[in-house]
Number of protein chains: 2
Amino acid sequence: MEMDERKTRILEAIIRNYLETGEPVGSRTISRYEDLKLSPATIRNEMSDLEEMGYILQPHTSAGRIPSDKGYRFYVDRMMADREKEVSDMQEMVVRKADQLSELLKQVAKLLAANTNYAAAISSPQIHRNKLKFLQLSKVDEGSLLAVIVVEGNIIKNKIIPTSSEMDNETVLKLNLLLNTNLCGLSLEEINLGLITLIKERAGIHSDIVASAIDAIAEAITAEEDLEIYTSGANNIFKYPELADNEKASGIISTLEEKNQLKEIISESLALDNDNGHAIQVYIGHESQIESMKDCSVVTATYELEDGMRGMMSIIGPKRMDYEKAAKTLKKLQEQLDALYKKT
Amino acid sequence: MEMDERKTRILEAIIRNYLETGEPVGSRTISRYEDLKLSPATIRNEMSDLEEMGYILQPHTSAGRIPSDKGYRFYVDRMMADREKEVSDMQEMVVRKADQLSELLKQVAKLLAANTNYAAAISSPQIHRNKLKFLQLSKVDEGSLLAVIVVEGNIIKNKIIPTSSEMDNETVLKLNLLLNTNLCGLSLEEINLGLITLIKERAGIHSDIVASAIDAIAEAITAEEDLEIYTSGANNIFKYPELADNEKASGIISTLEEKNQLKEIISESLALDNDNGHAIQVYIGHESQIESMKDCSVVTATYELEDGMRGMMSIIGPKRMDYEKAAKTLKKLQEQLDALYKKT
DNA sequence: ATTAGCACTCATTCGAGTTGAGTGCTAATA
DNA sequence: TATTAGCACTCAACTCGAATGAGTGCTAAT
């Protein structure tokens, strides 16, 4: 069967209506739409077709129809393609620049949630191109050295390195010089085994410290593990009856709280984003691959702070969420974050 | 009216029973307890008294009785005073030492929640006595210095300080020496205005950098703002029907997610803890002063990592939670955390 | 002081009946 | 041939009353 103009309009009417009410919508309701002058019976025939094609479904006989995931997908794709939505009529959201990045992110999450009435999550930015910029070992007390590592983008990492033997200041100075001259400006790929062994040789009896320091550097540059995720507005899901029953709510809440699963979808979405600019992604139901999210939709967008520091923010709501508003809100904050750091 | 031995036993029986079942308990149920050989009628008379005294209440006529907050308080106080509970028969919980403190805390929160089936929260440790241990300025690039500050307990803070004029290495070295010799080993109180002006004088044209550095130190030592809270097992509250209805659940979830209110109770509890060793605190219903927690109880305990680093962990469950288990679980983890850092 | 007995209360459960929104099919219509 | 009116049918949701049973308070007997 083919999708024609009229079917499209009917499907869109069904979805629109369902987005508003959350109730299955019947043929009579649609026939009342002024612009398509059709009797309920005709609508019913079309609906029957649409159901067969998989765009809508009936919760049970003698109920109206609700959109299927495929139906939502159709709707969202059309809406997104429609035009580059202008983000003018939005309520003003002001992001204050905070001195702690984590504070800024928490603030953004809160704004997202408060403006949409859905749940929101935001990830800390991931560094993209990262080279070691600066390294410093300092003696903190008798048994330990402090390694401070600065990578491109002024990301700072600290690591305490225990020392077996007592060290004098001069040795520390020498090690600093050795490490800095050999490693500064290099990326992870460029610090290879040959280079490491060379440095260790030169360090003599202190090769173990060099090893620890290099470990710390590797950790700082990859920075895999410190993908932090901040959430807000989890309680908003209770506003949508179709998500508010205990089992579903429990699943969603725990997904938001134990962030591991979120990390996956975020990593994936970040990767995807490389291809197509800063587009907004929509995951409907099962598309997010997270079991507990099968009744939710997730709208995601990347943001970019300074060059190469890219993170993800997302809005999590029921499938019948206002996709347009979600997308607009994300875009708005994307712009704000952009402006915040680019201007300086 | 007076509380006598028999009333006490009946009250305890009522509460015990209610803790198990979550259902109002009637006179017949209690009369079946072997150890107090009384007919339902007698029990009823006593219950009537207990109700008048405010220890129990009836959800409605012709229902059994449930404990009031006062009743719970009575029970908890007796239980706590009973004896120093041994923590032997607990399931083993192993806390791995993690190199990131935040990882450790998340782990502990998870353990608390998983072992009790309640929600759990843990705060990052607050530094108690804190002196500056070590300070280091380093040139990161042309326009900025990196200040690394280590305070007692090896807490490390970083701060980028922008410099107006270009600086050579020697000046940085001098400033380092100046700051370290004058400030190391001092606490917040000891760094007074006199000292600061003295240092600024000696720094000459670089007094602005000294000012920034001292600001950073103050921030690091007080460290008020970075009281982080990690939660786990929020979804557990859905296991208790009396908390699982939308409104209540929503309130609790949002309290756990937006951590502000938790911070208050934690600060308070930390302060209280100064007086009476490492006792376990119980807040029943309204006692926690948090509106959304009025149907919950919160059991809290402090933990101590290294000297002076004290934080709070708490278990949040329904009023009819297994207080004994909660207390034991907290104690167990208290010991584990102790052992983890004291031993080294 | 305790208990047995009894009348009373009231939330909960169950099933039957009703309602109403919605469907699919068929035959009439444009 | 596409659309529509008409009609029988389905089924979730609601209402209502009866039955159930756990629990109470009171009174009189032990």
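All values reported here derive from a predicted model rather than from experimental measurement.

A. How the structure looks around the protein's contact with DNA strand C. Around DNA strand C sit 20 residues in total, of which Ser27 and Arg65 of chain A together with Arg6, Thr42 and Ser62 of chain B are the nearest. Counting only the atoms of DNA strand C within 4 Å of the protein, the fraction contributed by sugar and phosphate is 79%. In this structure, Arg44 of chain A approaches DNA strand C through a side-chain N or O atom, which is 3.1 Å from a base nitrogen. A distance of 3.2 Å is found between a phosphate oxygen of DNA strand C and a backbone nitrogen or oxygen belonging to Ser39 of chain B. Put simply, the parts of the chain that give the surface near DNA strand C at least two residues each are α3 (40-53) of chain A together with α3 (40-53) of chain B. The element best represented in the surface near DNA strand C is α3 of chain B, accounting for 4 residues.

B. Structural view of the relation of the copies chain B and chain A. The two copies are related by a screw operation: chain B maps onto chain A through 180° of rotation and 0.3 Å of translation along the axis, at an RMSD of 0.6 Å. These values place the two chain copies in the arrangement generated by a two-fold rotation axis.

C. A look at the packing of aromatic side chains. All names here are of chain A. Under the definition given, this model contains 7 aromatic pairs over all chains. A centroid spacing of 6.3 Å and a plane angle of 55° characterise the contact between Tyr72 and Tyr323, whose relative ring orientation is tilted. Separated by 251 residues along the polypeptide, Tyr72 in helix α4 (residues 69-82) and Tyr323 in helix α11 (residues 323-342) bring together distant segments of the chain. Summarising the burial analysis for this pair, Tyr72 and Tyr323 share the class buried. Over the ring of Tyr55 we find Lys70, and its NZ or CZ is 4.6 Å from the ring centre.

D. The arrangement of the protein's contact with DNA strand D in detail. Within the structure, DNA strand D sits among 21 residues, and Arg6, Thr42 and Ser62 of chain A together with Ser27 and Arg44 of chain B are positioned closest to it. Within 4 Å of the protein, the atoms of DNA strand D are drawn from sugar and phosphate moieties in a proportion of 75%. In the environment of DNA strand D, a phosphate oxygen lies 2.7 Å from a nitrogen or oxygen atom belonging to the side chain of Ser27 of chain B. At 3.2 Å from a phosphate oxygen of DNA strand D is found a side-chain nitrogen or oxygen belonging to Arg65 of chain B.

E. How the structure looks around the pairing of strand β3 (residues 119-123) of chain B. All names here are of chain B. With 5 of 5 residues buried, β3 lies mostly within the body of the structure. Residues Ala119, Ala121 and Ser123 of β3 are buried on one face, and the alternating residues Ala120 and Ile122, pointing to the opposite face, are buried as well. Bridge count for β3 against strand β11 (residues 309-318) is 4 bridges, and the pairing is antiparallel. Residue Ala120 lies in a different strand from β11, and its bridge partner there is Ile315.

F. Spatial organisation of the sheet that holds strand β5 (residues 132-141) of chain B. All names here are of chain B. Across the sheet, 3 strands lie side by side as β5-β6-β7; this open sheet has antiparallel pairing. With one partner strand each, in any of the chains shown, β5 and β7 (155-162) form the two edges of the open sheet. Across the sheet, the axes of successive neighbouring strands diverge by a mean angle of 20°, strand direction being ignored. Bridge count for strand β6 (residues 144-151) against β7 is 8 bridges, and the pairing is antiparallel. Across the sheet, the residue bridging to Leu146 is Ile160, located in β7. Where helix α6 (residues 169-183) meets the sheet, its contacts fall on β5 and β6, and the angle it forms with β5 comes to roughly 165°.

G. Structural view of the interface of chain B and chain A. Across the contact, 32 residues belong to chain B and 33 residues belong to chain A. Carbon and sulfur atoms supply 51% of the area buried between chain B and chain A, which totals about 2,900 Å² over both sides. Counting the contacts that link chain B with chain A gives 5 salt bridges. Across the pair Lys110 of chain B and Glu258 of chain A runs a salt bridge whose closest N-O atoms are separated by 3.9 Å. The interface formed by chain B and chain A includes 13 residue pairs in polar contact (both at pLDDT 80 or more). Top element by residues in the side of chain B that touches chain A is β5 of chain B. It accounts for 7 residues. Considered class by class, the residues forming the side of chain B that touches chain A number 12 nonpolar, 11 polar and 9 charged.

H. Spatial organisation of the side chain of Ser288 of chain B. In this fold, Ser288 of chain B is placed in the loop between β9 (281-284) and β10 (296-304). Once you skip the residues sitting within four places of it in the chain, Ser288 of chain B turns out to touch Ile265, Tyr283, Met293 and Val298 of chain B.

I. Structural context of the nonpolar core. Met313 and Tyr323 of chain A are the most contacted members of the largest nonpolar core, which has 53 residues in total. The element that contributes the greatest number of residues to this core is α11 of chain A, accounting for 8 residues. Residues lining this core come from more than one domain, with at least three contributed by each of domain 1 (5-75) and domain 2 (99-124 + 227-343) of chain A. Once residues lying within four places of it in the same chain are set aside, the contact partners of Tyr323 of chain A are Tyr72, Tyr75, Val76, Met79, Val282, Ile284, Ser297 and Val299 of chain A. With 52 residues, the next largest nonpolar core counts Ile14, Leu111, Tyr323 and Leu340 of chain B among its residues.

J. Summary view of the packing of helix α1 (residues 5-21) of chain A against α3 of chain A. All names here are of chain A. Running from amino to carboxyl end, α1 crosses α3 at an angle of 85°, the nearest separation of the two axes being 10 Å. If you check the angle between α1 and α3, you find them roughly perpendicular. Two secondary-structure elements touch here, α1 through Arg6, Lys7, Ile10, Leu11 and Ile14 and α3 through Thr42, Ile43, Glu46, Met47, Asp49, Leu50 and Met53. Residues belonging to the contact of α1 with α3 are distributed by class as follows: 7 nonpolar, 1 polar and 4 charged.

Calculation criteria
- Residues numbered from 1 in each chain as written.
- Chains lettered and ligands numbered in written order.
- Predicted model: local features only at pLDDT ≥ 70, side-chain atom pairs only at ≥ 80, totals over all residues.
- Heavy atoms only, no water.
- Near = heavy atom within 4 Å.
- Polar contact = N/O pair within 3.5 Å; in protein donor to acceptor, adjacent residues only side chain to side chain.
- Helix = DSSP H or I, 4+ residues; strand = E, 2+ residues; numbered from the N terminus.
- Least-squares fit on C-alpha atoms with pLDDT ≥ 70 in both.
- Phe/Tyr/Trp six-rings, centres within 6.5 Å; stacked < 30°, edge-to-face > 60°.
- Buried < 20%, exposed > 50% of the residue type's maximum accessible area, 1.4 Å probe, protein only.
- Lys NZ or Arg CZ within 6 Å of the ring centre and 35° of its normal.
- Pairing = 2+ DSSP bridges.
- Axes fitted to C-alpha atoms, helices over the stretch in contact; angles between N-to-C directions.
- Contact = heavy atoms within 4.5 Å.
- Buried area = accessible area lost by both parts, 1.4 Å probe.
- Salt bridge = Lys/Arg side-chain N within 4 Å of Asp/Glu carboxyl O.
- Nonpolar A, V, L, I, M, F, W, Y, C, P; charged D, E, K, R; others polar.
- Core = buried A, V, L, I, M, F, W, Y, C linked by side-chain atoms within 4.5 Å.
- Domains from an automatic or database assignment.
- Parallel < 35°, antiparallel > 145°, perpendicular 65-115°, else oblique.

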